[in-house]
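Listed below, chain by chain, are the residues.
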Amino acid sequence: MGKASRKMKKKQQQEAEAGLQAEVKTTEQKLFRQIEEEAYSEALDTLVELVQKKSVSPQAMYAGAYAYFMMGDYDRAANWIDNTLRYAPNHVAARILLARLCILQDKADAGLAIFDLLTDKFLPAMKEEERDEIESLAGFYGRNESDKIKREYPHLAAFLQIDKENHEAEEKAKVRENAAESRVESVGGLKLPSISKEAAPNGNGAADAPKSQAQPSGKSALDVLRTLKAKIDARAHGNEAVKPSEPETTSGGEADRTAPQAESVGTSEEARRKIDEICGGKYTVAEKVRLLNSFAGGYYAQGDLDGAELCLKEALRFDEKDGSLLRNIAVLLAEKGEKDKALQAAAQMQPADFLLLRAIREM
């Protein structure tokens, strides 16, 4: 082969490579646009095109991981996150997505450890939206497990400004307690029990039992309703069986309140804002259901039955057959005195819980 022929072949190869790079760039832009438009299935088809061209950048790998995650295919999402970090160890968005995946799969400690690493080593390089995402995802734990976060994840605690948030939370709690005191007369002179620090919502959205009391084992929604019915019957006969200053606890650690209540402690406005924040965020359906159920538990523990009901109803819009959601709202509606609605919710549970249905029916 002569010199002219070699030169011509080299030029053709360069032109072919340039054409391929242009195709790859166009395909990548298409992929990113599909992710932005939430067309995740189409995005995965586009990812296949890039794989076939044997040119997949770390950013395209991350886009594939995100698409799989949002479609609920967590195993493939994990694989593509691993691919992304293998080629780009400093990819912040991929690490955040990995933390989300850990939290969703009940590995909160692993997810929080990732956030702690990010806020320690990667904070200066983070985009504002990445900071906001960490604050949104980890903020729930910062508010409800502040001692643990400060002890085990100090960099995350500093990022979340937990000490400042705790002070503000205490001030708000005082306002709520004062408001509850002012409404004593509206519930027949019966003082509403306050939620102690030990009974504040934990990371699962439930309330921990006061440390001074023994933790009961095996209590169910049926036990909650039985206790509730006993207290209603006792008041009907003019004999309060359980003192309101000594709240009982359920298996979830929720403080059992006197019922019926004329007014809920707190306000449902906060619940509506939180619902809008969750539903408007870029969470999967499963994440939205979990977060809404968790916040419902928190509002229930504070005595805000309306706020808890709002969260549960919104969660049921995403998954109307979820057994835990149906059980929770059945107990909640029964406590509010809406017996027919409580029966309707409990009857939808699969498998059916006849003991729970009977307890509601006999209230």
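Scroll up for the structure.
Structural notes, computed from the coordinates. (Residues numbered from 1 in each chain as written. Predicted model: local features only at pLDDT ≥ 70, side-chain atom pairs only at ≥ 80, totals over all residues. Heavy atoms only, no water.)

## Let's talk about the side chain of T27
Relative to the elements of secondary structure, T27 occurs in helix α1 (residues 3-36). Under the relative-accessibility criterion, T27 is labelled buried at 8%. Excluding residues that lie within four positions of it along the chain, T27 makes contacts with T46, E49, L50 and K53. (Helix = DSSP H or I, 4+ residues; strand = E, 2+ residues; numbered from the N terminus. Buried < 20%, exposed > 50% of the residue type's maximum accessible area, 1.4 Å probe, protein only. Contact = heavy atoms within 4.5 Å.)

## Some words on helix α12 (residues 268-280)
Taking 1.5 Å per residue, 13 residues should reach 18 Å; α12 reaches 18 Å between its end C-alpha atoms and fits that length. Three or more residues of α12 are buried, namely S268, A271, K274, I275 and I278. Seen from one end, α12 has its buried residues packed into an arc of 110 degrees, which puts them on one side. Away from the buried face of α12 by more than 90 degrees, exposed residues R273, D276 and G280 are located. Check the buried side of α12 and you find it contacts α7 (128-144), α13 (285-301) and α14 (305-318). (Expected span 1.5 Å × (residues − 1). Arc of directions from axis to C-beta.)

## Re the environment of V56
Within the secondary structure, V56 sits in the loop between α2 (40-52) and α3 (58-70). Considering only alpha carbons, one finds V56 and E28, 28 residues apart in sequence, at a separation of 8.6 Å. Leave out the neighbours within four places in its chain, and V56 touches L47, L50, V51, M61 and W80.

## Quick notes on the layout of surface pockets
In this structure, the second largest pocket encloses a volume near 820 Å³. Surrounding the second largest pocket, 25 residues form its lining, Y62, Y66, E129, E133 and K282 being those nearest its centre. Per-element accounting of the lining of the second largest pocket gives the leading share, 6 residues, to α7. Within the lining of the second largest pocket, the residues separate by chemical class into 11 nonpolar, 5 polar and 9 charged. (1 Å grid on protein atoms, 1.4 Å probe; cavity = no way out; pocket = protein on both sides within 12 Å on 5 of 7 lines; lining within 4 Å. Points joined across faces, edges and corners; volume = space filled by probe spheres on them. Nonpolar A, V, L, I, M, F, W, Y, C, P; charged D, E, K, R; others polar.)

## Focus on unusual backbone geometry
A cis amide bond links Q350 to the next residue, P351, at an omega of 0 degrees. The topology assignment puts P351 in the loop between α16 (339-347) and α17 (354-361). Within the chain, K54 stands out as a residue other than glycine whose phi angle is a positive 55 degrees. Unlike most non-glycine residues, Q161 shows phi in positive territory, near 55 degrees. With respect to the helices and strands, Q161 occurs in the loop between α9 (154-160) and α10 (162-182). On the basis of relative accessible area, Q161 is assigned to the partly exposed category, the value being 46%.

## Looking at a negative patch on the surface
Side chains of E128, E129, D132 and E135 sit close together on the surface and give a patch of like negative charge. Here E135 is to be found in helix α7. What makes E135 partly exposed here is its relative accessible area of 42%. (Patch = residues over 30% accessible without salt bridge, like charges linked within 9 Å, V, L, I, M, F, W, Y side chains within 5 Å. Areas by Shrake-Rupley, 256 points an atom, 1.4 Å probe, with all protein chains shown as cover. Salt bridge = Lys/Arg side-chain N within 4 Å of Asp/Glu carboxyl O. Lys, Arg positive; Asp, Glu negative; His and termini not counted. Charge placed at Lys NZ, Arg CZ, Asp CG, Glu CD.)

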